[in-house]
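Each chain, written out:
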Amino acid sequence: MSMEVVIVNTTDSGDPAGWWYGDDKHAESCDYLVEENNGKIINVYTFSGTSEKDKNGRFSFLNLVEVKSSIIVDRIKKDVDVSRKRGEQNSVRYCTL
């Protein structure tokens, strides 16, 4: 069973729901949201969708609920690489497991 996750870097904002630049439709199709902060996975969430883009072209995640299932969280922590290449700045990334 494959799943797709969206990874957001909250090192500066501290807010996984946030206001993000990126493909809101791709994000909305993901199964889980992974919050990454300073190169570590902080939390894994489910969400109900994404907002309309604001006037600056940013969207946010709606109705975040922290995933409590250790099976899902452990799989994501094992299989998702949140490291960044030198100079990589995109705060929203996608990964298929």
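Asks: Mind showing me how you'd approach the overall build of the protein here?
Replies: Of regular secondary structure, the protein possesses two helices and nine strands. In the protein, the succession of helices and strands from N to C terminus is β-β-α-β-β-β-β-β-β-α-β. Here the C-alpha atoms of the protein give a radius of gyration of 13 Å, agreeing with the 13 Å that 2.2 N^0.38 yields for 97 residues. Projected onto its principal axes, the C-alpha positions of the protein cover 40 × 30 × 20 Å. By sequence separation, contacts in the protein at least 24 residues apart represent 60% of the contacts at least 6 residues apart. Roughly 5900 Å² of accessible area belongs to the protein as shown, and the carbon and sulfur atoms make up 47% of that amount. The centroid of the 13 positive side-chain charges in the protein is displaced by 4 Å from the centroid of its 16 negative side-chain charges.

Asks: Any chance you could explain the pairing of strand β4 (residues 40-46) here in plain terms?
Replies: For a regular strand, side-chain orientation follows a simple rule: the groups alternate between the two sheet faces. Across five bridges, the pairing between strand β3 (residues 32-37) and β4 is antiparallel. The residue bridging Glu36 from the neighbouring strand is Ile41, located in β4. Linking β3 to β4, which pair antiparallel, is a turn of two residues; within it Asn38 sits at a positive phi near 50 degrees. Relative to strand β8 (residues 65-66), β4 runs antiparallel, the two sharing two bridges. Following the sheet pairing, Thr46 is matched in β8 by Val65.

Asks: For this particular structure, what's the right way to read the nonpolar core?
Replies: Nonpolar side chains in soluble globular proteins tend to end up buried together. Judged by nonpolar contacts, the single largest core of 14 residues is most densely connected at Val5, Ile7, Tyr32, Ile41, Val44, Ile76 and Val80. Taken together, the elements giving at least two residues each to this core come down to β1 (4-9), β3, β4 and α2 (70-79). Those residues in contact with Ile7, other than ones at most four positions away along the chain, are Val34, Glu36, Val80, Val82, Ser91, Val92, Arg93 and Cys95. One finds Val8, Ala27, Leu33 and Tyr45 within the second-largest nonpolar core, a separate group that totals 11 residues.

Asks: Teacher, can you tell me more about the environment of Pro16 here?
Replies: The topology assignment puts Pro16 in the loop between β1 and β2 (20-21). With 26 residues separating them in the primary sequence, Pro16 and Ile42 have C-alpha atoms 10.0 Å apart. Look past the residues within four positions of Pro16 in its chain and what remains in contact with it is Val8, Thr10, Leu33, Glu35, Tyr45, Phe61 and Leu64.

Asks: Would you explain the sheet that holds β1 in this entry?
Replies: Sheet strands line up and pair through hydrogen bonds in the backbone, either parallel or antiparallel. Here we have five strands laid out as an open sheet, ordered β8-β4-β3-β1-β9, and mixed in their pairing. Among the strands making up the open sheet, the edge pair consists of β8 and β9 (92-96). α2 rests against β1, β3 and β4 of the sheet, and its axis sits at about 135 degrees to β4.

Asks: I'm lost on unusual backbone geometry in this one. Help?
Replies: Peptide bonds are trans in most cases, and residues, glycine excluded, mostly fall at negative phi. Phi at Asn38 is positive, roughly 50 degrees, even though this residue is not glycine. If you trace the backbone, Asn38 turns up in the loop between β3 and β4. When its relative accessible area of 59% is taken as the criterion, Asn38 is described as exposed.

What counts, and at which threshold
- Residues numbered from 1 in each chain as written.
- Predicted model: local features only at pLDDT ≥ 70, side-chain atom pairs only at ≥ 80, totals over all residues.
- Heavy atoms only, no water.
- Helix = DSSP H or I, 4+ residues; strand = E, 2+ residues; numbered from the N terminus.
- Rg over C-alpha atoms; globule rule 2.2 N^0.38 Å.
- Contact = heavy atoms within 4.5 Å.
- Areas by Shrake-Rupley, 256 points an atom, 1.4 Å probe, with all protein chains shown as cover.
- Lys, Arg positive; Asp, Glu negative; His and termini not counted.
- Charge placed at Lys NZ, Arg CZ, Asp CG, Glu CD.
- Pairing = 2+ DSSP bridges.
- Core = buried A, V, L, I, M, F, W, Y, C linked by side-chain atoms within 4.5 Å.
- Buried < 20%, exposed > 50% of the residue type's maximum accessible area, 1.4 Å probe, protein only.
- Axes fitted to C-alpha atoms, helices over the stretch in contact; angles between N-to-C directions.

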